[in-house]
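So you can see what is in the structure, the chains are spelled out below.
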Amino acid sequence: MKKSVMLFAATFAAALSFVSCVNSKYANDTHLAIEDGKTVVERYGQLQVIGTDLCDQNGNPVQLRGMSSHGLHWYGKYANKDVITWLRDDWNCQIWRAALYTGGQGGYVSNPALKERVTDSVEACIENGMYVLVDWHVLEEHDPLLYKKYAVEFFDEMSKKYGDKPNVIYEICNEPNGEKVTWSDNIKPYAEEIIEVIRKNDPDNIIIVGTPVWSSQVMAPSSDPLKNGKNVMYTCHFYAGSHKAEARKNVANALKAGTPIFVTEWGTTQASGDGGVYEKETLKWMEFLKAHNISWANWSVNNKGEDSGILAFNADREAKGNWKDKDLSKDGKFLRRILRNELDMKSWKQEQKNK
Ligand code: IDC
């Protein structure tokens with residue numbers, strides 16, 4: 001009796017997974033930075049948003065995965081061709097994020113020369129056939145409207161320079177935050193203006209807009225949409241040790257409401273960027289993002305010694321890439337396996353059992 005119940009359950013589960021596999025429009029995604037000698041940009045070309053999906057030039061849904069720089073004014077030395085190429089070839093990254101802090105000491109507004117770290121990143125990604133997120137890293141200033149004047153100039157210049165390259169994705173405000181900063185009064189008017197500036201020079205590359213409360217309130221855009229939302233996505237950020245099932249539910253609801261989501265930043269740790277690596281919680285998120293075809297960039301490439309940094313404390317001070325196991329932090333070793341498609345929830349659980 002017990003045996004037959006088990007047999008029934010197993011058959012039912014197998015049938016279910018067969019059905020879900022056949023029905024899934026995401027089933028064949030292989031996540032390779034290079035496949036049959038072709039880079040991801042050669043294969044996917046001009047990206048576009050269809051419904052809530054990020055799609056390639058032919059309208060097939062794609063999921064991009066890769067790494068974010070740390071603040072370019074702190075660890076910008078890693079935003080170079082050697083490191084970005086290593087991340088493509090050894091880590092299987094298809095995307096790189098250049099995080100340009102805008103406010104604060106040493107941020108772009110007080111230190112405009114920092115732009116070179118962004119252009120170095122963009123050029124390395126163009127040469128490498130990778131996508132690149134140009135991240136206007138709103139954080140300390142809370143409100144994207146505060147430095148709008150600088151953002152207008154910056155995105156006008158970037159879109160004039162690189163608007164004809166399919167590699168570039170504009171992330172126009174990392175994490176708006178603060179009680180007084182709302183979608184309707186701050187983020188939306190800012191986004192509409194910046195999108196207009198970019199669209200004059202670049203009619204089609206993807207633009208990503210931050211959401212209220214450090215890019216967590218992903219439902220906001222659906223009730224008060226942008227006037228110019230074509231090929232626009234919205235971001236949700238999470239740190240696996242702080243944001244869990246409820247945050248995933250918010251994302252699922254936003255997708256249901258028709259809001260395309262791109263996770264431009266997430267970490268394996270607590271929101272502080274420290275506090276340990278949450279492996280199981282991370283793998284839950286990885287399953288979720290894969291099932292919903294949501295692209296992502298992980299925070300971040302640095303050797304500061306914080307838990308969310310992929311390098312061991314003080315490793316690779318020359319910023320050359322070519323990292324050995326000893327150069328990587330716990331976070332780095334874990335993420336490398338995820339990106340190389342060597343680890344998922346199932347194999348991780350098995351490994352825990354075998355320990
Ligand atoms: C953190 C860095 C940390 C730095 C701090 C400064 O990891 O070294 O001292 O910024 O503000 C974010 C932000 C991102 C944060 C990260 C971790 O986008 O800039 O980086 N985080 O706290 N949002 C949620 C977490």
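It should be emphasised that the depicted structure is a prediction, and the values quoted were computed from it without experimental measurement. (Residues numbered from 1 in each chain as written. Predicted model: local features only at pLDDT ≥ 70, side-chain atom pairs only at ≥ 80, totals over all residues. Heavy atoms only, no water.)

A.B. asks: Please clarify how the packing of aromatic side chains should be interpreted in this entry.
C.D. replies: Given two aromatic rings, their pairing is described by the distance between the two centres and the angle made by the two planes. The final tally for this structure, using the stated rule, is 14 aromatic pairs. Between F238 and W266 the ring centres are 5.3 Å apart and the planes differ by 15°, which places this aromatic pair in the stacked class. Residue F238 is located in strand β11 (residues 238–239), and its partner W266 is located in strand β12 (residues 263–267); the two are separated by 28 residues in the primary sequence. A residue is classified by how much of its surface remains accessible, and W266, at 0% relative accessible area, is buried. On the numbers, 3.7 Å between centres and 5° between planes, the contact of F238 with W285 is stacked. Highlighted residues: F238 in strand β11 and W285 in helix α11 (residues 279–291), separated in sequence by 47 residues. Summarising the burial analysis for this pair, F238 and W285 share the class buried. Among the aromatic side chains, those forming a connected cluster through ring pairs are Y108, W136, F154, F155 and Y170. Geometry around Y44 places R43 over its ring, the cationic atom sitting 5.3 Å from the centre. (Phe/Tyr/Trp six-rings, centres within 6.5 Å; stacked < 30°, edge-to-face > 60°. Helix = DSSP H or I, 4+ residues; strand = E, 2+ residues; numbered from the N terminus. Buried < 20%, exposed > 50% of the residue type's maximum accessible area, 1.4 Å probe, protein only. Lys NZ or Arg CZ within 6 Å of the ring centre and 35° of its normal.)

A.B. asks: Is there a simple way to think about the site of the ligand in this case?
C.D. replies: Residues in close proximity to the ligand total 15 residues, the closest being Y101, E175, A271, K304 and E306. The separation between an oxygen atom of the ligand and a polar main-chain atom of A271 is 2.7 Å. In the environment of the ligand, an oxygen atom lies 3.2 Å from a nitrogen or oxygen atom belonging to the backbone of S272. Looking at the shell around the ligand residue by residue, the class counts come to 6 nonpolar, 5 polar and 4 charged. (Near = heavy atom within 4 Å. Polar contact = N/O pair within 3.5 Å; in protein donor to acceptor, adjacent residues only side chain to side chain. Nonpolar A, V, L, I, M, F, W, Y, C, P; charged D, E, K, R; others polar.)

A.B. asks: I tried to follow the environment of L255 on my own but got confused; where do I start?
C.D. replies: Tracing the backbone through its elements, the reader meets L255 in helix α10 (residues 245–256). What L255 contacts, discounting residues up to four positions off in sequence, is T52, I261, H292 and I294. (Contact = heavy atoms within 4.5 Å.)

A.B. asks: Got a minute to help me understand the pairing of β12 in this structure?
C.D. replies: Within a regular strand, side chains alternate between the sheet's two faces. Most of β12 sits out of view: 5 of its 5 residues are buried. Judged from the 2 bridges that link them, β11 and β12 form a sheet pairing that is parallel. Counterpart to Y239 in the pairing with β12 is G267. Inspection of the sheet shows β12 paired to strand β13 (residues 296–301) by 2 bridges, in the parallel sense. Within β13, the position partnered with V263 by the bridge is W296. (Pairing = 2+ DSSP bridges.)

A.B. asks: Would you mind going over the side chain of T235 with me for this structure?
C.D. replies: Residue placement: T235 occurs in the loop between β10 (232–234) and β11. Taking the relative accessible area as the measure of exposure, T235 reaches 0% and is therefore buried. A polar atom in the side chain of T235 sits 3.0 Å from the side chain of T264. Leave out the neighbours within four places in its chain, and T235 touches N174, I208, V209, G210, T211, S215, V218, F262, V263 and T264.

A.B. asks: Even after reading the chapter, I still don't get helix α5 (residues 115–128), so can you show me in this structure?
C.D. replies: Structural remark: α-helix, 3.6 residues per turn; residues separated by three or four positions point the same way. Under the 1.5 Å per step criterion, the end-to-end length of α5 is 20 Å for 14 residues, consistent within 8% with the ideal 20 Å. Every buried residue belonging to α5 is among K115, V118, T119, S121, V122, A124, C125 and N128, and all of these are buried. G129 sits one or two positions beyond α5 and adopts a positive phi of about 65°. (Expected span 1.5 Å × (residues − 1).)

Read these as layout, nothing more, since geometry by itself doesn't imply function.
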